[in-house]
Amino acid sequence: MSKAITSVAVALVIFVALFVWPLFRSGERRLGALETIHGIPYASDAGRIIVTEKLAHADIFLREPVLMKNLTLTVHYIPRRVSRLSVGVRENSFWLSYAPTVFYDRSSDKKSPEDVHETTITIPLTDKLQEVDRSLDLMFFAEPGDSPTWDIIDVQARVEPAIPTYAQLRNYIKSIIYRERAL
Amino acid sequence: MMKWLSWTLLLTTVIVAMARWFHPALFTTLELHALMGLTILTALISLMYHTNQHG
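Residues numbered from 1 in each chain as written. Chains lettered and ligands numbered in written order. Predicted model: local features only at pLDDT ≥ 70, side-chain atom pairs only at ≥ 80, totals over all residues. Heavy atoms only, no water.

Another point: the confidence of the model for chain B. Where the model shows low pLDDT, its predicted coordinates should not be examined in detail. Summing up the model confidence of chain B, the mean pLDDT is 88 and the portion of residues at 70 or higher is 98%. Here the prediction assigns the complex a pTM of 0.85, and the interface score ipTM is 0.84. (pLDDT = per-residue confidence, 0-100.)

A few words on the nonpolar core. The nonpolar side chains of soluble globular proteins are, as a tendency, buried together. Residue and element names in this part refer to chain A. Judged by nonpolar contacts, the single largest core of 45 residues is most densely connected at Leu71, Leu73, Phe103, Phe140 and Trp150. Take this core: its biggest share by element is five residues, from strand E10 (residues 149-161). Excluding its chain neighbours within four sequence positions, the residues that come into contact with Phe140 are Leu34, Lys54, Leu55, Ala56, Val75, Ser86, Val87, Phe103, Trp150, Ile152 and Val155. (Core = buried A, V, L, I, M, F, W, Y, C linked by side-chain atoms within 4.5 Å. Buried < 20%, exposed > 50% of the residue type's maximum accessible area, 1.4 Å probe, protein only. Helix = DSSP H or I, 4+ residues; strand = E, 2+ residues; numbered from the N terminus. Contact = heavy atoms within 4.5 Å.)

Right, let's get into helix H1 (residues 2-22) of chain B. An α-helical turn contains 3.6 residues, so a residue and the one three or four places further along point in the same direction. The end-to-end C-alpha distance of H1(B) is 30 Å, a good match for the 30 Å that 21 residues give at a rise of 1.5 Å each. Listing the buried residues of H1(B) in full gives Trp4(B), Ser6(B), Thr8(B), Leu9(B), Thr12(B), Thr13(B), Ile15(B), Val16(B) and Ala19(B). Elements in contact with the buried residues of H1(B): helix H1 (2-20) of chain A together with helix H2 (29-53) of chain B. (Expected span 1.5 Å × (residues − 1).)

Moving on, we get to the pattern of salt bridges. Residues and elements named next belong to chain A. Applying the stated criterion across every chain, the model contains 10 salt bridges over all chains. One salt bridge connects Arg29 with Glu64, and the closest N-O pair in it is separated by 2.7 Å. Here Glu64 lies in the loop between strand E4 (55-61) and strand E5 (69-81) and Arg29 lies in strand E1 (residues 27-31), a separation of 35 residues in the sequence. On the basis of relative accessibility, which here comes to 5%, the residue Arg29 falls in the buried class. The exposure class of Glu64 is buried, given its relative accessible area of 0%. Its salt-bridge partner being Glu91, residue Lys128 comes within 3.8 Å of it at the nearest N-O pair. Here the residue Lys128 occupies a position in the loop between strand E8 (117-124) and strand E9 (135-143), and Glu91 occupies one in the loop between strand E6 (84-89) and strand E7 (101-105), the gap between them amounting to 37 residues. Residue classification places Glu91 among the partly exposed positions, given a relative accessible area of 29%. If you follow the salt bridges from partner to partner, you end up with Arg25, Arg29 and Glu64 in one network. (Salt bridge = Lys/Arg side-chain N within 4 Å of Asp/Glu carboxyl O.)

Residues and elements named next belong to chain A. Relative to the helices and strands, Asp59 resides in strand E4. Through-space distance from the C-alpha of Asp59 to that of Leu138 is 5.9 Å; in sequence the pair is 79 residues apart. In this structure Asp59 touches Arg30, Leu31, Gly32, Leu136 and Asp137, once residues within four positions along its chain are discounted.

Turning next to the layout of surface pockets. In this structure, the largest pocket spans a volume of roughly 630 Å³. Lining the largest pocket are 24 residues, with Glu91(A), Asn92(A), Ser93(A), Leu129(A) and Ser175(A) sitting closest to its centre. Counted as a void, the second largest pocket has a volume near 170 Å³. Taken together, Met1(B), Met2(B), Lys3(B), Ser46(B), Leu47(B), Tyr49(B), His50(B), Gln53(B) and His54(B) make up the full set of residues lining the second largest pocket. The greatest single-element share of the lining of the second largest pocket, amounting to five residues, is contributed by H2(B). Residue composition of the lining of the second largest pocket, by class: four nonpolar, four polar and one charged. (1 Å grid on protein atoms, 1.4 Å probe; cavity = no way out; pocket = protein on both sides within 12 Å on 5 of 7 lines; lining within 4 Å. Points joined across faces, edges and corners; volume = space filled by probe spheres on them. Nonpolar A, V, L, I, M, F, W, Y, C, P; charged D, E, K, R; others polar.)

Residues and elements named next belong to chain B. Closest axis-to-axis distance for the H1/H2 pair is 8 Å, and the angle between their directions is 160°. Classified by the angle between their axes, H1 and H2 sit roughly antiparallel to one another. Every pair of crossing elements has a handedness; the one defined by H1 and H2 is left-handed. Within the contact between the two elements, H1 uses Met2, Lys3, Leu5, Ser6, Leu9, Leu10, Thr12, Thr13, Val16, Ala17 and Arg20 and H2 uses Thr29, Leu32, Leu35, Met36, Leu38, Thr39, Thr42, Ala43, Ile45 and Ser46. Taken together, the residues that form the contact of H1 with H2 break down as 12 nonpolar, seven polar and two charged. (Axes fitted to C-alpha atoms, helices over the stretch in contact; angles between N-to-C directions. Parallel < 35°, antiparallel > 145°, perpendicular 65-115°, else oblique. Left-handed = near helix turned anticlockwise from the far one by under 90°.)

Here we take up helix H2 (residues 166-177) of chain A. Under the 1.5 Å per step criterion, the end-to-end length of H2(A) is 17 Å for 12 residues, consistent within 8% with the ideal 16 Å. Those residues of H2(A) hidden inside the fold are in contact with H1 and E8 of chain A together with H1 of chain B.

Looking now at the pairing of E1(A). Side-chain positions along a regular strand alternate between the two faces of the sheet. All names here are of chain A. Pairing of E1 with E10, which is carried by three bridges, proceeds in the antiparallel orientation. Counted as the bridge partner of Gly27 is Val159 from E10. Two strands pair when backbone bridges link them, and E1 and E4 are joined in this way by two bridges, in the antiparallel orientation. Note that in E4 the partner of Leu31 across the bridge is Ile60. (Pairing = 2+ DSSP bridges.)

The following block contains the structure:
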């Protein structure tokens, strides 16, 4: 009997260790191609991606669960004909469930719109939607909505361990419990 | 000892498989397959040892 209890306890310890170990991992993660919302990749010229629509989507391929993670994005870009740029990570099954973070605002920009800008944005990931292959949906939003043009030179995505808030943790648990799954 | 270890690993594999059913992003297929492989390996070693002991 005691052997059975020890067996269950050890199995649970191995399970928790396997789950907890990736939570402390950090590093750069691969970004997919930058596409329109219809899945058509944006054109690139001399190493720059020219974004000509309001929305630009890319996948970030994580190697761990989103729990206790922050995403740090470093974006090199040329704003050209946009007044505001923001970025967000998809939060739930609705296709446009993003809470965008503004990283460029022309009214407070001291540089020329034709200069290369560099911005670092940190996004908490715990309450974000993670696909079954562990990827996340990243979306850039440009304003004004009609005929914006801006260039992306480079986007670097890093994940770092972070302590989530109570609300983020609650949303993470809810997303696992209420996820639609095949029986 | 090997028999106990193979039962423990089998139990771990079942728990991990259940967690993956809840959300596939919690564990990778590779982790699940590695656990399955380790379980089969320890079960085979345990069986060989048992066979040697009893004839």
